[in-house]
Amino acid sequence: MYDVLDSRSVLEILRPVEDPELRKSLVELNMIRNVKIDGGKVSFTLVLTTPACPLREFIVEDCQKAVKKLPGVTDVTIEVTAETPQQKSLPDRTGISGVKNIIAVSSGKGGVGKSTVAVNVAVALAQTGAKVGLLDADIYGPNDPTMLGLSDAQITVRSTETGEILEPAFNHGVKLVSMGFLIDRDQPVIWRGPMLNGVIRQFLYQVQWGELDYLIVDMPPGTGDAQLTLTQAVPMAGAVIVTTPQNVALLDSRKGLRMFQQMNVPVLGIVENMSYFIPPDRPDKQYDIFGSGGGSKTAAELGVPLLGCVPLEISTRVGGDSGVPIVVGDPDSASAKALIAIALTIAGKVSVAALT
């Protein structure tokens, strides 16, 4: 069957190789392209469903092993690229031109590190080569500019035939829009629901987002007007719920999770933040300051995945205060590794949902 080394025999030998998450043939998914033969040298392009594919190395290895079984093959070169799929549209919601996937990062209560997770997930996705935007929807407490090192940034407002358009700020590979750019540092936002609804819609539809693989939306805590506006306005690829291990936070996170489910937004999973404390002078030790196991227990009870557990480290706080997220400033730390793994898992789940 494989007496002749040509593009057809390469595709046939690769046909049994599956995407581990989609459980479908790479060939049937059109993920194998541009097959070329030069003597015994075989090259082709592997097109993944996200630049942040968590199983990238496994897929490449499976492809190499398969092709090397062909007689006459002396070398296999694989160029890896990605085409992030578009989330499914909904007839009663309006998508954002150029934005493929909108992901909410939410929490039932404040103080659980939701913004820290949102910022680091956005930056971690950008580090993989994905095009990423961050919408700071926490109108009353906009902290993302500080965490991204953009607290002094000035955003441009352009007048067009269709109205004013905001140009997002940019740092660490992420485009950012926040109420923090539009008000003074000490100015409180004293608004009722309709005004909040209006500015969130402006941030969705009147920002020059350009082409984005992922728009991460950092939600305010709770289940109020901002959540309702977002879920009713745009089709969403999913929501991520951030909690800490203790019961008080878990009780509120359950309400937030159920809200997204009632609004027909897929819940991608739970992130347990501040899972345990790692003292800087004793990195071999860990202390369960807020209890332990709460996130995994809640995820199991509610039938959603536990996306990961992020420890509490001083360097995470320092990174947030200084505008250098920990995935940039200390990528080898336990917190950064956990946040990067969570970002890759989220990207994988979004791609699977879009293609199934």
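Residues numbered from 1 in each chain as written. Predicted model: local features only at pLDDT ≥ 70, side-chain atom pairs only at ≥ 80, totals over all residues. Heavy atoms only, no water.

In the nomenclature of an unreviewed UniProt entry, the protein chain is known as Iron-sulfur cluster carrier protein of Nostoc cf. edaphicum LEGE 07299. Word for word, the UniProt comment on the protein chain under Subunit (unreviewed entry) is "Homodimer." Per UniProt, the comment on the protein chain under Function (unreviewed entry) is "Binds and transfers iron-sulfur (Fe-S) clusters to target apoproteins. Can hydrolyze ATP." (UniProt positions renumbered as here; feature names shortened; annotations may be inferred.)

Caption draft 1: Representation of the overall build of the protein chain within the structure. Across its full length, the protein chain carries 11 helices and 15 strands. Taken over C-alpha atoms, the radius of gyration comes to 22 Å for the protein chain, in line with the 21 Å a tight globule of 356 residues would show. Overall size of the protein chain, expressed as C-alpha extent along the three principal axes, is 75 × 60 × 40 Å. When each of the 356 residues of the protein chain is scored for burial, the buried share is 50%. A sequence separation of at least 24 residues applies to 74% of the contacts in the protein chain between residues at least 6 apart. (Helix = DSSP H or I, 4+ residues; strand = E, 2+ residues; numbered from the N terminus. Rg over C-alpha atoms; globule rule 2.2 N^0.38 Å. Buried < 20%, exposed > 50% of the residue type's maximum accessible area, 1.4 Å probe, protein only. Contact = heavy atoms within 4.5 Å.)

Caption draft 2: Representation of the sheet that holds strand β14 (residues 267–277). If you walk across this open sheet you meet the eight strands as β10-β11-β7-β12-β6-β13-β14-β15, and the pairing is mixed. Only two strands of the sheet have a single neighbouring strand rather than two, namely β10 (169–171) and β15 (306–312). Direction aside, the axes of adjacent strands within the sheet are offset by 25° on average. With four bridges joining them, strand β6 (residues 102–106) and strand β13 (residues 238–243) adopt parallel strand pairing. Bridging from a neighbouring strand, V105 pairs with V240 of β13. With respect to the sheet, helix α3 (residues 114–127) is in contact with β6, β7 (132–136), β11 (174–178), β12 (214–218), β13 and β14, its orientation differing from that of β12 by roughly 170°. Packed on one face of the sheet, helix α8 (residues 294–302) meets β14 and β15 and runs near 160° to β14. (Pairing = 2+ DSSP bridges. Axes fitted to C-alpha atoms, helices over the stretch in contact; angles between N-to-C directions.)

Caption draft 3: Up close: the environment of E61. Examined against the element boundaries, E61 turns out to sit in helix α2 (residues 56–67). A relative accessible area of 36% means that E61 is categorised as partly exposed. Linking E61 and A343, residues 282 residues apart in sequence, is a C-alpha distance of 22 Å.

Caption draft 4: Fine view of the side chain of T45. Inspection of the secondary structure puts T45 in strand β4 (residues 41–48). By relative accessible area, T45 is classed as buried at 7%. Reaching out from T45, the side chain makes a polar contact with the side chain of N34 at a distance of 3.3 Å. With residues up to four places along the chain from it excluded, the contact list for T45 reads M31, I32, R33, N34, E79 and T81. (Polar contact = N/O pair within 3.5 Å; in protein donor to acceptor, adjacent residues only side chain to side chain.)

Caption draft 5: Up close: unusual backbone geometry. Phi is positive for R23, which is not a glycine, with a value near 60°. Take R23: it is sitting in the loop between β1 (18–19) and β2 (24–25). Residue classification places R23 among the exposed residues on the basis of a relative accessible area of 62%.

Caption draft 6: Local environment of the environment of D38. Its place among the elements puts D38 in strand β3 (residues 32–38). The class of D38 is exposed, set by a relative accessible area of 57%.

Caption draft 7: Here's a closer look at the UniProt feature "binding site: ATP" (unreviewed entry) in the protein chain. Here the UniProt feature "binding site: ATP" (unreviewed entry) sits at G108, K109, G110, G111, V112, G113, K114 and S115. Exposure remark for G113: the relative accessible area of 16% places this residue in the buried category. Among all residues touching G113, those that are not within four sequence positions of it are V242, N273 and M274. In this fold, S115 is placed in helix α3. Residue class for S115 comes out buried when judged on its relative accessible area of 8%.

Caption draft 8: Representation of helix α9 (residues 314–322). Among the residues of α9, those classed as buried are T316, G319 and G320. In a view along the axis of α9, the buried residues occupy a sector of 95°, so they form one face of it. Facing away from the buried side of α9 by over 90 degrees, the exposed positions are R317 and D321. If you follow the buried residues of α9, they end up packed against α3, α4 (144–147), α10 (326–329) and α11 (334–355). (Arc of directions from axis to C-beta.)

Caption draft 9: View of the environment of L230. Relative to the helices and strands, L230 resides in helix α6 (residues 225–233). As for L230 and I200, which are separated by 30 residues in sequence, their C-alpha atoms are 7.5 Å apart. Aside from chain neighbours lying at most four places away, what touches L230 is A104, L204, V217, M219 and M236.

Caption draft 10: Structural view of the UniProt feature "domain: MIP18 family-like" (unreviewed entry) in the protein chain. In the numbering used here, UniProt assigns the feature "domain: MIP18 family-like" (unreviewed entry) to residues 9–80. Secondary structure across residues 9–80 divides into 25% helix and 35% strand, with the first and last C-alpha atoms of the span separated by 20 Å.

Caption draft 11: Seen up close, the packing of helix α1 (residues 7–14) against α2. Between α1 and α2, the shortest axis-to-axis distance is 9 Å and the interhelical angle comes to 125°. Accordingly, the angle class assigned to the pair α1 and α2 is oblique. Of the two elements, α1 crosses α2, and the hand of that crossing is right-handed. Residue-level inspection shows V10, I13 and L14 of α1 in contact with α2, the latter providing C63, A66 and V67. Here the residues of the contact of α1 with α2 sort into six nonpolar, no polar and no charged. (Parallel < 35°, antiparallel > 145°, perpendicular 65-115°, else oblique. Left-handed = near helix turned anticlockwise from the far one by under 90°. Nonpolar A, V, L, I, M, F, W, Y, C, P; charged D, E, K, R; others polar.)

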